Amino acid sequence: MKKRWMLSAVILAAGCSADNEGAAEAENNVHTNTETAPDENNSAAEELNETNDAEDNSEEEELEIEDEEENEEGKDEEESDGEEDMEEPETPAYSLQGDSSIAPLEEGAENNAVLLTIDDAPDQHAVEMAETLAELDAGAIFFVNGHFLEGEEKEEMLQHIHELGFEIGNHTMTHPNLRDVTEGETEEEIIALNDRIEEIIGERPRFFRAPFGVNTDKSEEVVETEGMQSMNWTYGYDFEADYMEAEALEEIMVETELLRGGANLLMHDRSFTLEALPGIVEGLREKGYEIVDVRDIE
Ligand SMILES: [Zn+2]
């Protein structure tokens, strides 16, 4: 059932060196919300905690009730046969915050949810990552690039990830730093990918994540006209040299002091991240966090 993956040599795929993603972030505090250089994560975390520490009064019933409702939906009614319950509309329970975290819509509700996101997909490991997450019943957003959607095989990969119930997000056609391209190119980078995704899975993405976390006035405008929400992330490590290895990554993703309710976890389509995924999900759950169902985000 659970797949174990041999640790393979670290080969960063072309298109997005995650190293660059981390490095570039550092320079871009002007246009982005909370993206920080990995080294600045600690102070960023403090800021985030300051703004979000308010909701520590436990109110666990809420989440239990939700779970029960889901179960009922799943079991009771004979669902129009074969239709997965993932197609059913659900009442949003969370909203995306300006700092890229998620928060319960209901005031005072405990926030023990975390959001998983996988960038630069579908390259080599996204399908296995999706299958692994599906087995663990953990939701995620796969942020995809147009250059990973060329050819029938890639289209099928995207379809498969979508059919497993995962949210497909827009991460631009070619993964440029949007500060280095023209406004027209920015428009093309985002809208052409939405068209492409819709062509493949029949839906336009709800979420946008700029490469390197670099948003611009133009990208924000396009995101708005496309009716999307833009997010960066609150923490991630698989682009740092020390954590390009499953065991270290698994540990830091769960043990980091940046882990908190509402955290938005950045990961990438990488072999070591795939290998670390089960341990990350289990570790988060052991700490009392719930992996959010992306459909529950309004
Ligand atoms: Zn990226």
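Residues numbered from 1 in each chain as written. Predicted model: local features only at pLDDT ≥ 70, side-chain atom pairs only at ≥ 80, totals over all residues.

Asker: Tell me what's going on with the overall build of the chain, and back it up with residues and numbers.
Answerer: Within the chain, the regular secondary structure consists of nine helices and ten strands. When contacts within the chain are restricted to residue pairs at least 6 apart in sequence, those whose partners lie at least 24 apart make up 75%. (Helix = DSSP H or I, 4+ residues; strand = E, 2+ residues; numbered from the N terminus. Contact = placed C-beta atoms within 7 Å.)

Asker: Lay out helix α8 (residues 246-255) in plain terms, naming residues and giving numbers.
Answerer: Of all the positions in α8, only Ala246, Leu249, Glu250, Ile252 and Met253 are classed as buried. For α8, the elements touching its buried residues are β9 (264-268) and α9 (271-286). (Buried ≥ 20, exposed ≤ 12 C-beta atoms within 10 Å, placed from the backbone.)

Asker: Please give an account of the nonpolar core that cites residues and values.
Answerer: Val114, Ala140, Phe142, Leu265 and Val292 are the most contacted members of the largest nonpolar core, which totals 64 residues. Top element by residues in this core is α9. It accounts for seven residues. Non-local contacts of Ala140, meaning those with residues more than four positions away in its chain, are made with Leu116, Thr117, Ile118, Leu133, Phe166 and Val294. (Core = buried A, V, L, I, M, F, W, Y, C linked by C-beta atoms within 7 Å.)

Asker: An account of the pairing of strand β4 (residues 141-144) is requested, with residue identities and associated values reported.
Answerer: Every second residue of β4 is oriented toward a common face, with Ile141 and Phe143 on one face and Phe142 and Val144 on the other, all of them buried. Two elements, strand β3 (residues 113-121) and β4, share three bridges in a ladder whose sense is parallel. Bridge pairing in β4 places Ala121 opposite Val144. Note that β4 and strand β5 (residues 167-170) share four bridges and pair parallel. The partner of Phe143 across the bridge, within β5, is Gly169. Crossover handedness for the path β4 to helix α5 (residues 152-163) to β5: right-handed. (Pairing = 2+ DSSP bridges. Right-handed = clockwise from strand over helix to strand, strands pointing away.)

Asker: Describe the packing of helix α4 (residues 126-135) against α5, listing the residues and the values that go with them.
Answerer: Two quantities define a packed helix pair, namely the angle between the helix axes and the distance between the axes. One way to put it is that α4 packs onto α5 with a least axis distance of 10 Å and a crossing angle of 15°. As far as their axial angle goes, α5 and α4 are roughly parallel. As α4 runs across α5, the sense of the crossing is left-handed. Only Met157, His160 and Ile161 of α5 make contact with α4, whose side of the interface consists of Ala126, Val127 and Ala130. Among the residues forming the contact of α4 with α5, the class breakdown is five nonpolar, one polar and no charged. (Axes fitted to C-alpha atoms, helices over the stretch in contact; angles between N-to-C directions. Parallel < 35°, antiparallel > 145°, perpendicular 65-115°, else oblique. Left-handed = near helix turned anticlockwise from the far one by under 90°. Nonpolar A, V, L, I, M, F, W, Y, C, P; charged D, E, K, R; others polar.)

Asker: How would you sum up α5? Please name residues and give values.
Answerer: Helix length check: α5 (twelve residues) gives 16 Å between terminal C-alpha atoms against 16 Å at 1.5 Å per residue, within 8%. Burial in α5 covers these residues: Met157, Leu158, Ile161 and His162. Buried residues of α5 fall within an arc of 130° about the axis and therefore sit on the same side. Opposite the buried face of α5, by more than 90 degrees, sit the exposed residues Glu152 and Glu153. On its buried face, α5 sits against α4, β4, β5 and α6 (183-201). Gly165 lies just past α5 and shows a positive phi near 105°. (Expected span 1.5 Å × (residues − 1). Arc of directions from axis to C-beta.)

Asker: Can you explain the environment of Met244? Please cite residues and give values.
Answerer: With respect to the secondary-structure elements, Met244 resides in the loop between β8 (235-236) and α8. In sequence terms Met244 and Ser271 are 27 residues apart; their C-alpha atoms lie 9.0 Å from each other.

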